[in-house]
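# Structure at a glance
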Amino acid sequence: MPSHADDLAHLEQSGLLRRPRTVTPLAGGRCVVDGRELWNFTTNDYLDLAGDERLVEAAVEVVRTVGVGARASALVSGRTEHHERLEDRIARFEGTEAAMLFPTGYAANVGTLAALTGPDDTLLCDRLNHASLVEGCRSSGARFRVYRHTAIDRLARELGSDENSGERWIVTDGVFSMDGKLAPLVELCDRAEQYGAAVLVDDAHGTGVFGTGGRGACEHLGVEDRVAVRVGTLSKAVGTLGGFVVGSRSLVEWLRNAAGTQIYSTALPPAVCAAAAVAFDVIEQEPERRVRLQELSAFLRGQLAELGLEVVRGGAGPIVPVLVGKSETAVEVGRRLEERGFLVSAIRPPTVPRGTARLRVSVTVAHDENVLSDLAAAVRDASR
Ligand SMILES: *Cc1c(COP(=O)(O)O)cnc(C)c1O
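Anyway, here's the lowdown on the structure attached to this text. (Residues numbered from 1 in each chain as written. Predicted model: local features only at pLDDT ≥ 70, side-chain atom pairs only at ≥ 80, totals over all residues. Heavy atoms only, no water.)

This next bit is on the site of the ligand. For the ligand, the set of nearby residues contains 14 residues, the closest of which are G105, D202, H205, T233 and K236. Taking Y106, its main chain carries an N or O atom lying 3.0 Å from an oxygen atom of the ligand. Between the ligand and H130, the relevant distance is 3.4 Å, taken from a nitrogen atom to a side-chain nitrogen or oxygen of the residue. Coverage of the ligand by the protein chains reaches 86% of its 380 Å² of free accessible surface. Its residues assigned to classes, the shell around the ligand shows two nonpolar, nine polar and three charged. (Near = heavy atom within 4 Å. Polar contact = N/O pair within 3.5 Å; in protein donor to acceptor, adjacent residues only side chain to side chain. Areas by Shrake-Rupley, 256 points an atom, 1.4 Å probe, with all protein chains shown as cover. Nonpolar A, V, L, I, M, F, W, Y, C, P; charged D, E, K, R; others polar.)

Attention now goes to the pairing of strand β6 (residues 143–147). Two strands pair when backbone bridges link them, and strand β5 (residues 122–126) and β6 are joined in this way by five bridges, in the parallel orientation. Bridge pairing in β6 places L123 opposite F144. Taken together, β5, helix α6 (residues 131–140) and β6 constitute a β-α-β crossover, and its handedness is right-handed. (Pairing = 2+ DSSP bridges. Helix = DSSP H or I, 4+ residues; strand = E, 2+ residues; numbered from the N terminus. Right-handed = clockwise from strand over helix to strand, strands pointing away.)

Here we come to the sheet that holds strand β11 (residues 319–325). Strand order in the open sheet made by the three strands is β11-β14-β13, with antiparallel pairing throughout. Both edges of this open sheet fall to β11 and β13 (345–347), since each of them pairs with a single strand only. When strand polarity is set aside, the average angle formed by the axes of neighbouring strands in this sheet is 30 degrees. In this structure, β13 lies alongside strand β14 (residues 357–362), joined through three bridges in antiparallel fashion. Note on β14: the bridge partner recorded for I347 is R358. (Axes fitted to C-alpha atoms, helices over the stretch in contact; angles between N-to-C directions.)

This part takes up the packing of helix α14 (residues 327–339) against helix α15 (residues 369–383). Contact pair α14 / α15: the axes reach a minimum separation of 9 Å and the direction vectors enclose 130 degrees. On the basis of the axis angle, α14 is oblique to α15. Regarding α14 and α15, the two cross each other, and that crossing is right-handed. Of α15, the residues touching α14 (which contributes V333, R336 and L337) are A378, V379, A382 and S383. Tallied by class, residues from the contact of α14 with α15 come to five nonpolar, one polar and one charged. (Parallel < 35°, antiparallel > 145°, perpendicular 65-115°, else oblique. Left-handed = near helix turned anticlockwise from the far one by under 90°. Contact = heavy atoms within 4.5 Å.)

In structure tokens:
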């Protein structure tokens, strides 16, 4: 068995060794770490649903009646009435013919890309795409080109090139998770239609957050009918766990037969499905949550700008990245913020480009204006 001591020592020396901490989530946007209570600005629970009493009740009731685990994969016997109901609920929410669950959003991306494309095809992948899309592109065996969404002309050249034959797919996040920016979906759909390509959008950070109906970046930018495949996750604004794909009935039927990450993995716990179905009711019936989230996010951006701090430009919504430059600075500012009672993630290369280390602040509806102005002041003080 090879030892990893050298690799680990190398990581440690480069300041890149990471260790997960043990965190106890609390209500009201707070948590406990190392015995200290902190404001938590690191979660993806934007709508504060993970601890919502209604979701908890739904989950507890199903745990009491059918137990915890699903006992098998969906195609064998793991698909309960709770899975079926949730798939129907997601399709109804998203306004598509069908929806299919996956164990995680990560698995949804990998399984879907591998099932839909092969070595004859070409995948055009945004440079900022999530790691799971990149892995999906790789495991499909398709030709794989990276573009920057800030250089759409380059993308058009790739689409026009004879080298890139087969089916062509533009693959993108709906909201870039480290920048908080929306993808230019209208331009991407225009190009795709011009060159006969298809578009796949992973809207992990968009669902529940963007769009009048909460259906995400595609709704917000008016391209729902132009995107062939939409992938989402239940683990962020939906407050639970699991990935999903929505689209046509034939797309879903094909994925049920071809997406290995679903076929060979155990189905989601039924109680999680029951809780997620309730979350979609809340997202539909309480639009004030996403309105409030946008208000709070805009308020924080305003506070940071007033204090002269540099936020990644062009962003909207609850992911607010404050640029600090060097990795060591990001880590040090993060440490000082924690001393002052704020838990914020320091994001460093290779997750983001060199020289753009940042603090990634996630706003949720559990926060309020008071704590956001305190946080902005603390970021300024800690950056001095
Ligand atoms: C978080 C995330 C995923 C993975 O979702 P999980 O359900 O947590 O596996 C996929 N894509 C993007 C863009 C994400 O931010």
